[in-house]
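The primary structure of each chain is shown beneath.
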Amino acid sequence: MPLTDLMAAVNTQVLTAADRDSTLQAAALLLACPQANATSIFDSLCQRERLGSTAIGHGIAIPHGRATRLDRPRGALLRLLQPVDFGGSEPVDLVFAMAVPAHYTHQHLMLLSELAELFSDAGVRAALRATHDPGTLKQILDSPPSHGAA
C-alpha cells in the first residue's frame, strides 16, 4: 500500500529554507488543517526535535509530532534547494514531516518504519532530488521507483 494511502493528506513543496526552524515552519503550514493549526503543529515538531535530531542519514530528516484533534496522520514532503543543518551527521535536503493523532502509538512507529524503508532506497532519494516540481514529488511517493537500496 502506498504511504500516501495511510495518511489523510500528503502535501509537497520545493523551497529554499534558511535553517531547521524555517523548514519546520514550512512543514507545519503544509500539515495544518481545521483540526490542527500550523502553530500547534510547529510547536509539536520543535518539541520532538529538542529530544534529539530526526535526521536519519543520507540527507533525510523525518520530523514528527502529535496533534490531539487529528483523526488521521498527515504528511508533508519538502525538497530543500539548499541543505540545512538538522543536527545530524550531515545536512538535510529531503524532509518528510508528519503530524499524527495523539492516540497513535503503534501506528506512529509503523509510519516511521515505512518512511525509513522508503528513504533507504537510493533510487527513491535520487528521483526526489532530481525534481523541482511538487506534483512530481507526490507521484514519486505514490509510486516509488525501485533501484535498490544503498
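See the structure above.
Residues numbered from 1 in each chain as written. Predicted model: local features only at pLDDT ≥ 70, side-chain atom pairs only at ≥ 80, totals over all residues. Heavy atoms only, no water.

Looking at the side chain of histidine 108
- Relative to the helices and strands, histidine 108 is located in helix H3 (residues 106-119).
- The class for histidine 108 is buried, based on a relative accessible area of 7%.
- Beyond its immediate chain neighbours, meaning those up to four positions away, histidine 108 contacts His64, Arg66, Met98 and Val100. (Helix = DSSP H or I, 4+ residues; strand = E, 2+ residues; numbered from the N terminus. Buried < 20%, exposed > 50% of the residue type's maximum accessible area, 1.4 Å probe, protein only. Contact = heavy atoms within 4.5 Å.)

A few points about the packing of aromatic side chains
- The final tally for this structure, using the stated rule, is 1 aromatic pair.
- With centroids separated by 6.5 Å and ring planes inclined at 55°, the aromatic side chains of phenylalanine 96 and phenylalanine 119 adopt a geometry described as tilted. Of the two residues, phenylalanine 96 is situated in strand E6 (residues 92-101) and phenylalanine 119 in helix H3; the sequence distance between them amounts to 23 residues. The pair phenylalanine 96 / phenylalanine 119 is uniform in exposure class, with both members buried. (Phe/Tyr/Trp six-rings, centres within 6.5 Å; stacked < 30°, edge-to-face > 60°.)

So, unusual backbone geometry
- Residue histidine 58 is not a glycine yet carries a positive backbone phi of 60°.
- Structurally, histidine 58 is set in the loop between strand E2 (55-57) and strand E3 (60-61).

Side note on the pairing of E6
- Burial within E6 is extensive, with 10 of its 10 residues counted as buried.
- Relative to E6, E3 runs parallel, the two being bridged by 2 bridges. Paired with alanine 61 across the bridge in E6 is valine 95.
- The sheet contact formed by strand E4 (residues 64-67) and E6 spans 4 bridges and is parallel. Bridge pairing in E6 places histidine 64 opposite methionine 98.
- Bridging between strand E5 (residues 74-84) and E6 involves 7 bridges; their strand directions are antiparallel. (Pairing = 2+ DSSP bridges.)

Details of the nonpolar core
- Formed by 27 residues in total, the largest nonpolar core has its most connected members in Leu31, Ile41, Leu78, Leu80, Phe86 and Val95.
- If you list the elements that add at least two residues to this core, you get helix H1 (20-31), helix H2 (38-51), E5 and E6.
- Examining the composition of this core, we find that 6 residues originate from one element, H1, more than from any other.
- Non-local contacts of phenylalanine 86, meaning those with residues more than four positions away in its chain, are made with Arg20, Thr23, Leu24, Glu49, Ser53, Thr54, Ala55, Ala61, Pro63, Val92 and Val95.
- Grouped together as the second largest cluster of nonpolar side chains are 21 residues, Ile62, Leu77, Val100 and Leu115 included. (Core = buried A, V, L, I, M, F, W, Y, C linked by side-chain atoms within 4.5 Å.)

Some words on the side chain of aspartate 93
- Note on placement: aspartate 93 falls in strand E6.
- Looking at aspartate 93, the relative accessible area reads 13%, which means it is buried.
- Here aspartate 93 is in contact with Gly59, Leu78, Arg79, Leu80, Pro83 and Arg129, once residues within four sequence places are set aside.

Things to note about the pattern of salt bridges
- Scanning the entire structure with this criterion turns up 3 salt bridges.
- The partner of arginine 20 in a salt bridge is glutamate 49, with the nearest N and O atoms 3.5 Å apart. One end of the pair, arginine 20, is in helix H1; the other, glutamate 49, is in helix H2, and 29 residues separate them in sequence.
- Here arginine 20 falls in the partly exposed class, since its relative accessible area comes to 27%.
- The closest approach of N and O atoms between aspartate 142 and lysine 138, which form a salt bridge, is 3.5 Å. Remark: lysine 138 and aspartate 142 occur in helix H5 (residues 134-142); sequence separation between them is 4 residues, near one turn of the helix. (Salt bridge = Lys/Arg side-chain N within 4 Å of Asp/Glu carboxyl O.)

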